[in-house]
Amino acid sequence: MEVEIISKDCIKPSSPTPLHLKNHKFSFLDVHSGYGYIPLVLYYPVNQETNLSPSDIDHVISVRLQILKQSLSETLSRFYPFAGKIKDSYSVDCNDEGVYFVEAKVNCFLNEFLSNPDISFINKFIPDEAKWNSAQENYVAGVQATTFACGGIVVGVYVSHSVADGAAFSTFLRSWSAIAYKNTEEIRPKFDASSFFPHNDAYPREEYLAHQYNYFMKLGKYITRRYVFDASATANLKAKATSSRLPNPTRVELVTALFGKCITRAVKARSGSDKSVSMTHAVNLRRKAKPQFSEYYMGNFILLAPVVCKDKEVELGDFVCQMKESVAKLNGDFVSSLQGDGGWINYLEAIKHESEIFSDPENLLFFTSWCNFGLNDVDFGWGKPAWVSNIDQAESNFLLGSICLMDTRERDGIEAWAFLVEEDVVTLESDTDFIALAAVNPSPLK
């Protein structure tokens, strides 16, 4: 299966950005988020029983590509920083240059790929200009629309992490699809996070990132694995962990705890010692603030909640309780302490605490959850996606030693994208507690 690039273009906003909005400033949470891109791939097969002729398929593809482009142009008038260029470490030049847009095609049926998905091939569904380093003068966002011989289409999107976290990225995608689908829902993004979390030049971005990202730069051969925990697996975990102390653990908490427990075993097997494993989970501060920030706030509203696991035989419920205690510290009072001119000082104290916990980067695991973001509802007018995937991040060397949790299509399970050292993966997949619950890269059509 080969991907053939048909064209490369820029999709500009349908209306120009007002002069007073031409310079989008980053908040200090944006400045400290890193330089990387966030990728996502959405898959839209066609009904196999439609029996379209080749000319009908060509027409369907042409119409759908036009809808994607026109609706993206309209969306960018609201999400104007997405159509700009990274100006420097602290801002975006909202110059309306547009989103980088690639058209490509594959001469086979999409369901052939979905029946046995090749993780290493998924990277070909996003523009190759995404080099995982959204440095100065680079596009903020890019899209690749890859069409298939059956009329199916795959939409691969990336956006600079300096401009959006996972929640903000999903807001952009849902707004784009709503405009394409002529949905009356009005999503009005807010781009003034820097007024709440103003950056202070006294702490340069490069100095912070060089310090923080040492945690995630690791030696060894890393590989990508996709594990699916269906409804019965999450129900099994819930039955094991639920107690009077923990009456209603979530899917995300349970799967995170299972990974933590089993990877702690793997690390101890690899190192031959009782080294502890440090874990951290990204927490959405929009929901923690009092009053809450709107879900439509763009930028980065995340902080990390750390947990140290020292016991490879810790009970699942105890692990969840440890996580909940760590997350509970990022409460409304804490979010309030980050706001205003002195907020960055309190932020530096918080990340100083992180650095003390992350003393051994070889045994650090980073979790993030994209569950309940509505990604499986991104409908451009031809149905919801059959699958929403991450990519092979091991190839990008970005956030190695990390696990991204996503909804299954039915939203009652968890799809986990793990970017781990190969030796730990081998041990993990021989762990009977883990492999009894996790399906390794099953077809999303099943």
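Going along each chain's sequence as written, the residues are numbered from 1 onward. Given that this is a predicted model, residues contribute local features only at a pLDDT of at least 70 and side-chain atom pairs are listed and counted only at 80 or more, while totals for whole chains, interfaces and linings are drawn from all residues. Processing note: side-chain calculations cover all non-hydrogen atoms of the structure and skip hydrogens and water entirely.

The chain goes by Vinorine synthase-like in an unreviewed UniProt entry, where it is assigned to Melia azedarach.

Strand pairing requires that DSSP identify at least two bridges connecting the strands. Put simply, DSSP H or I for four residues or longer makes a helix, DSSP E for two residues or longer makes a strand, and each gets a number counted from the N terminus. Spatially, the three strands line up as an open sheet ordered β2-β5-β4, and their pairing is antiparallel. Of all the strands in the sheet, just β2 (23-25) and β4 (85-88) have a single pairing partner and so form its edges. With strand direction ignored, the average angle separating the axes of adjacent strands in the sheet is 35 degrees. Across three bridges, the pairing between β4 and strand β5 (residues 91-93) is antiparallel. Among the inter-strand pairings, D88 is bridged to a residue of β5, identified as S91. Convention adopted: a line fitted to C-alpha atoms gives each axis, helices being fitted over their contacting stretch, and angles between N-to-C directions are expressed from 0 to 180 degrees.

Right, let's talk about helix α8 (residues 316-328) for a bit. Given a helix with a known number of residues, its expected span is that number minus one, times 1.5 Å. The end-to-end C-alpha distance of α8, which contains 13 residues, comes to 19 Å, matching closely the 18 Å that a straight helix rising 1.5 Å per residue would cover. A 1.4 Å probe rolled over the protein chains alone gives each residue an accessible area, and that area as a share of the maximum for its type sets the label: buried under 20%, exposed over 50%, partly exposed in between. Buried within α8 are the following residues: L316, G317, F319, V320, C321, M323 and S326. Those residues of α8 that are buried lie in contact with α6 (231-241), α7 (251-271), β10 (277-284) and β11 (302-309). Whether two residues touch is decided by their heavy atoms; if any such pair falls within 4.5 Å, the residues are in contact.

Quick look at the environment of R287 now. You can see R287 is positioned in the loop between β10 and β11. When its relative accessible area of 48% is taken as the criterion, R287 is described as partly exposed. Residues R287 and G332 lie 45 residues apart in sequence; the distance between their C-alpha atoms is 8.8 Å. If we ignore the near neighbours within four places in the chain, the residues touching R287 are Q292, N372 and F373.

We now examine the pattern of salt bridges. Salt bridge, as used here, is a side-chain nitrogen of Lys or Arg placed within 4 Å of a carboxyl oxygen of Asp or Glu. Within the structure shown, the criterion is met by 17 salt bridges. K22 is paired through a salt bridge with D96; the nearest N and O atoms lie 3.5 Å apart. With K22 in the loop between β1 (3-11) and β2 and D96 in the loop between β5 and β6 (99-106), the pair connects residues that are 74 residues apart, well separated along the chain. Its salt-bridge partner being E422, residue K221 comes within 3.8 Å of it at the nearest N-O pair. Remark: E422 occurs in helix α11 (residues 422-428) and K221 occurs in the loop between α5 (205-212) and β9 (222-229); sequence separation between them is 201 residues. Relative accessible area serves as the criterion here: at 54%, K221 is assigned to the exposed category. You can call E422 partly exposed: its relative accessible area is 32%. One connected set of salt bridges, linked through shared partners, spans R245, D318 and E325.

Another point: the packing of aromatic side chains. We call Phe, Tyr and Trp rings a pair once their centres come within 6.5 Å, taking the six-membered ring for Trp, and we label the pair stacked below 30 degrees between planes, edge-to-face above 60, and tilted otherwise. Under the defined criterion, the tally for this structure stands at 36 aromatic pairs. Aromatic pair F82 and F172: ring centres 4.6 Å apart, planes at 25 degrees, arrangement stacked. One end of the pair, F82, is in the loop between α2 (54-78) and β4; the other, F172, is in helix α4 (residues 166-180), and 90 residues separate them in sequence. For the pair F82 and F172, one class covers both residues: buried.

Right, let's talk about the environment of I67 for a bit. Within the secondary structure, I67 sits in helix α2. In this structure, the C-alpha to C-alpha distance between I67 and S177, residues 110 residues apart in sequence, is 9.8 Å. Among all residues touching I67, those that are not within four sequence positions of it are A180, F380 and W382.

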